[in-house]
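Breakdown of the fold
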Amino acid sequence: MSVSTPLLLVTLLGCFALPASAARAVRLDCLNRHNVLVSFFKYQLSTMKWGKHFQIASGRQRHETENGTRYETITFRNGDDLIWFPKKDNYLLFYADKAQPERCRVEERFNWPTVDLPRYSKNSDKPAA
């Protein structure tokens, strides 16, 4: 057994101790909508929830300003655009019916946990073992 083998074993075992996450999310405080929860899932699916409203978006567009600042745009089904500047971690929200963006403040970040759904057998209404 070489010296690197124990290190590899410890590293692999440590991976199993880490919690798995299905998505990441950010809670924003925006002037008009206040508490806005934006979730980013695999395959570039995003959701935005505020109050009793819920919107989805598919895909992201990557852009650069004239001075080279990178940003991403997520367009939701209702026409709203969420702009994210990753370097400074700033968010702007363009409402579908307004020309001026609203700056949103990050209140919280978290990961959604991975969920194991129960399996059901064909012959019973009870979950399979």
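These lines cover the structure that appears in this document, whether it is placed above or below. Keep in mind it's a predicted model, so treat the numbers as computed, not measured.

1. Some thoughts on the nonpolar core
Core analysis: the biggest nonpolar cluster contains 17 residues, and Leu28, Val38, Leu82 and Tyr91 have the highest contact counts within it. Only β1 (21-30), β2 (34-41), β3 (45-50), β7 (81-85) and β8 (90-94) provide two or more residues apiece to this core. Beyond its immediate sequence surroundings of up to four residues, Leu28 is in contact with His34, Asn35, Val36, Val38, Leu82, Tyr91, Cys104, Arg105 and Val106.

2. Regarding the environment of Leu28
Of note, Leu28 is situated in strand β1. Between the alpha carbons of Leu28 and Arg103 there is a distance of 9.6 Å; along the sequence they are 75 residues apart.

3. A word on the state of the cysteines
Considering all chains together, one arrives at one disulfide under this definition. Put simply, Cys30 and Cys104 are joined by a disulfide, and their sulfur atoms are 2.1 Å apart. On the S-S bond that ties Cys30 to Cys104, the torsion sits near 110°, and the link is right-handed. Within this pair, whereas Cys30 is found in strand β1, its partner Cys104 is found in strand β9 (residues 102-113), the two being separated by 74 residues in sequence. Summarising the burial analysis for this pair, Cys30 and Cys104 share the class buried.

4. Observations concerning unusual backbone geometry
Note on backbone geometry: most residues besides glycine have negative phi, and most peptide bonds are trans. Its identity is not glycine, yet Tyr43 carries a phi of approximately 60°, on the positive side. As for its position among the elements, Tyr43 is in the loop between β2 and β3. Tyr43 sits in the exposed class, given a relative accessible area of 77%. A positive phi angle is found at Asp89, which is not glycine, with a value near 55°. When you line up the elements, Asp89 lands in the loop between β7 and β8.

5. What to know about the pattern of salt bridges
This structure, assessed with the given rule, holds eight salt bridges. Here Arg27 and Glu108 are joined by a salt bridge, their closest N and O atoms 3.2 Å apart. One end of the pair, Arg27, is in strand β1; the other, Glu108, is in strand β9, and 81 residues separate them in sequence. The shortest N-O distance in the salt bridge between Arg60 and Glu72 comes to 3.2 Å.

Reading the values: the criteria
Residues numbered from 1 in each chain as written. Predicted model: local features only at pLDDT ≥ 70, side-chain atom pairs only at ≥ 80, totals over all residues. Heavy atoms only, no water. Core = buried A, V, L, I, M, F, W, Y, C linked by side-chain atoms within 4.5 Å. Buried < 20%, exposed > 50% of the residue type's maximum accessible area, 1.4 Å probe, protein only. Helix = DSSP H or I, 4+ residues; strand = E, 2+ residues; numbered from the N terminus. Contact = heavy atoms within 4.5 Å. Disulfide = S-S within 2.5 Å. Salt bridge = Lys/Arg side-chain N within 4 Å of Asp/Glu carboxyl O.

That's the geometry; what it means functionally is another story.
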